Amino acid sequence: MDTPSTTAAITDGLNRPIHDLRVSVTDRCNFRCVYCMPKEKFGKGYQFLAKKELLSFEEIIRIVKAFSAIGVRKIRLTGGEPLVRSELEKLVEQIASIDLIDDISLTTNGVLLTEKRARSLRDAGLGRVNISLDALDDKTFMAVNDVGVPVQKVLDGISVAAAAGFDSVKVNMVVKRGLNEHSILPMAEYFHGSGQILRFIEFMDVGNTNSWKNSEVITAAEIAEQINRQNPIEKVPPNYRGEVANRWRYVDGGGEIGIIASVSEPFCGDCSRARLSAVGKLYTCLFAADGHDLMSLIRGGASDADLNEKLSALWQRRRDRYSETRTVESVLRPKVEMSHIGG
Ligand code: SAM
Ligand code: SF4
Ligand code: SF4
C-alpha cells in the first residue's frame, strides 16, 4: 500500500497535536452494560445500523491514511463490540500496512476472543489488547453486563490474549458506586503479579442514556486509597505526554495498576485523540453532540487532497475541553452515545 504524503504536524486551537484515532467498527454489542447500553434504551426494538450504513474497510483505510498524514500514529479499534464485526483481521492487516501507523490496539469485552481469533489478530498486526472486566463474581458481573455472561468467559478471553503474545494485555474496570465498588479490591488482588495491568476507570457521563450522577463516581483518589491500604502502591511517572491513566506500582514488586480519572482529574490539556464512528462521523471529543460527516464527503467523491484539507481544518478549529468545564447543565446536553464512538 502506498504511503500518504505527510503534511507538517498540525495542532488544534489549544495547541494539542493529533496522535490517536479511535475507530468504532460497529454500534452492535453482545453485552448491555448498564453504564453504556442500558436495556431500557437499547432493548429489543432498538434499530441498529445496517451493513451499508457502516464505513467499509476500504473507507476506513482511506480515512486512517489521511489521518496519518496529519499526525496520527496510533489506531484503536473499538465499538460497540469490535469482535462482532466479521473479518476484523483484514482491517487490522490493512491498517498495519500503512507506514506511518506504528501502534494498533483493540478494546473488547473479550467474550469472542477465541484462541484462533487472538492468533489471527496478532498475525494480522494487532499489537495491544484491552479487555473490559468489571467484577470477579458472577452476580455483580451479570448485573453489569445484563445479558447473563459469567466472569469465566472474560477470564478465558484474557488468558487467550496473554498466550497469543501481544505486546500488552490490559484489563479495564469501570467503577460505579452501588454497582461494583466492592469489586475494586478483589480485582486488584487477582491481577496483582499477573503481568496484566489493571486499569480502573471513573464512571463517565458519556451520552444521555446511562443516567449518570456525580455521586455515583468513585474517584481515582478513593480507588488509590483503598488499594494502598490493602497493598501499598506508589506513583510512577507517565510513559509519554497525554497518557490517560495515572500509573501506580505495587511497592512489593507485584506490577502496575492504572487509574483513569476522567471526571475528578480531567486531562483535556493533553488530549490528542479523535474518534471515528461506525457511520463515518468524526468526533473531536468523547462528549461532543455531533460529529463531522466524513462518509458523505468520501462517498461524494472527495479527492485525497480534499479529505486531507478537511481533516486539517477540523483539527485546527478544535477547542474541546469538556471534562475540564463539566457542569450540572452540561451533563444534560445532548451527547453522542459511548456505543457509537467507543470510549
Ligand atoms: N465493547 C468493548 C468493551 O467493552 O471493551 C469496546 C467498547 S466500550 C464502549 C470501551 C470502554 O468504554 C470499555 O472499557 C467500557 O467499560 C468503557 N465504558 C463504557 N461506558 C462507560 C462509562 N459510562 N464510563 C466509563 N467508561 C465506560
Ligand atoms: Fe458493549 Fe463495551 Fe458498551 Fe459493555 S461497554 S455495552 S461491552 S460496548
Ligand atoms: Fe479529550 Fe474531550 Fe475527554 Fe477532554 S473531555 S480529554 S477533550 S475527549
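Shown above is the structure to which this text applies.
Small disclaimer: the values here were computed from a predicted structure and weren't measured. (Residues numbered from 1 in each chain as written. Chains lettered and ligands numbered in written order. Predicted model: local features only at pLDDT ≥ 70, side-chain atom pairs only at ≥ 80, totals over all residues. Heavy atoms only, no water.)

**Q** Break down the site of ligand 3 for me, citing the residues and quoting the values.
**A** Looking at ligand 3, the residues that line it are Phe267, Cys268, Cys271, Arg273, Arg275, Cys285, Leu286, Phe287, Arg318, Asp320, Tyr322 and Ser323. Looking at the shell around ligand 3 residue by residue, the class counts come to seven nonpolar, one polar and four charged. (Near = heavy atom within 4 Å. Nonpolar A, V, L, I, M, F, W, Y, C, P; charged D, E, K, R; others polar.)

**Q** Which residues make up the packing of aromatic side chains, and what are the values?
**A** Here a ring pair, both rings aromatic, is described through the centre-centre distance and the interplanar angle of the planes. Evaluated as defined, the whole model comprises five aromatic pairs. Taken together, a centroid distance of 6.0 Å and an interplanar angle of 70° make the contact between Phe31 and Phe141 edge-to-face. Linking Phe31 in the loop between strand 1 (20-24) and helix 1 (57-70) with Phe141 in helix 4 (residues 138-145), this pair joins segments that are 110 residues apart in sequence. For the pair Phe31 and Phe141, a shared accessibility class is recorded, and that class is buried. Summarising the aromatic geometry, the rings of Phe287 and Tyr322 are spaced 4.4 Å apart at their centres and angled 15° between planes, so their arrangement reads as stacked. Linking Phe287 in the loop between strand 11 (281-283) and strand 12 (292-293) with Tyr322 in the loop between helix 9 (304-317) and helix 10 (328-332), this pair joins segments that are 35 residues apart in sequence. Like Phe287, the residue Tyr322 is buried in the burial classification. Grouping aromatic residues by their ring pairs yields a cluster made of Phe42, Tyr46 and Phe48. (Phe/Tyr/Trp six-rings, centres within 6.5 Å; stacked < 30°, edge-to-face > 60°. Helix = DSSP H or I, 4+ residues; strand = E, 2+ residues; numbered from the N terminus. Buried < 20%, exposed > 50% of the residue type's maximum accessible area, 1.4 Å probe, protein only.)

**Q** How would you summarise the sheet that holds strand 7 (residues 233-236) if you had to cite specific residues and measurements?
**A** Strand pairing in a sheet relies on backbone hydrogen bonds. The paired strands run either parallel or antiparallel. Taken in spatial order, the 12 strands line up as 7-8-9-6-5-4-3-2-1-10-11-12 in an open sheet, and their pairing is mixed. Both outer strands of the open sheet, strand 7 and strand 12, are each paired with one neighbouring strand and no more. As paired elements, strand 3 (residues 103-108) and strand 4 (residues 128-132) share four bridges and run parallel to each other. Each bridged residue has a counterpart across the sheet, and for Ser105 the counterpart in strand 4 is Arg128. (Pairing = 2+ DSSP bridges.)

**Q** Outline the environment of Leu332, supporting the account with residue identities and numerical values.
**A** You can see Leu332 is positioned in helix 10. In sequence terms Leu332 and Asp205 are 127 residues apart; their C-alpha atoms lie 8.9 Å from each other.

**Q** Describe in detail the site of ligand 1, supporting the description with residues and values.
**A** Inspection of the region around ligand 1 gives 19 residues, with Tyr35, Gly80, Ser132, Val174 and Met204 positioned closest. The contact in question runs from an oxygen atom of ligand 1 to an N or O atom on the backbone of Thr108, over 3.2 Å. Coverage of ligand 1 by the protein amounts to 94% of the 540 Å² it exposes when considered alone. (Polar contact = N/O pair within 3.5 Å; in protein donor to acceptor, adjacent residues only side chain to side chain. Areas by Shrake-Rupley, 256 points an atom, 1.4 Å probe, with all protein chains shown as cover.)

**Q** Any chance you could break down the side chain of Arg117 for me, citing the residues and the numbers?
**A** By the element assignment, Arg117 lies in helix 3 (residues 115-124). In terms of polar contacts, Arg117 uses its side chain to reach the backbone carbonyl oxygen of Leu83, at 2.8 Å. Contacts of Arg117, omitting those with residues within four sequence positions, involve Leu83, Arg85, Glu87, Leu88, Glu89 and Leu112. (Contact = heavy atoms within 4.5 Å.)

**Q** Provide a residue-level description of unusual backbone geometry, including the pertinent values.
**A** Within the chain, Asn15 stands out as a residue other than glycine whose phi angle is a positive 70°. Locating Asn15 in the fold gives a position in the segment before strand 1. Of note, the phi angle at Ser211 is positive, near 50°, even though the residue is not glycine. Residue position: Ser211 is located in the loop between strand 6 (197-202) and helix 7 (220-230).

**Q** I'd love a proper account of the pattern of salt bridges, names of residues and values included.
**A** On inspection of all chains with the given rule, the structure shows 21 salt bridges. Glu87 is paired through a salt bridge with Lys90; the nearest N and O atoms lie 2.9 Å apart. By relative accessible area, which is 43% here, Lys90 ends up partly exposed. Across the pair Glu234 and Arg249 runs a salt bridge, and its minimum N-O distance is 3.0 Å. Of this pair, Glu234 sits in strand 7 while Arg249 sits in strand 8 (residues 246-250), and the two are 15 residues apart along the sequence. By relative accessible area, which is 35% here, Glu234 ends up partly exposed. A residue is classified by how much of its surface remains accessible, and Arg249, at 38% relative accessible area, is partly exposed. Residues joined by salt bridges that share partners form a network here, namely Asp12, Arg16, Arg318 and Asp320. (Salt bridge = Lys/Arg side-chain N within 4 Å of Asp/Glu carboxyl O.)

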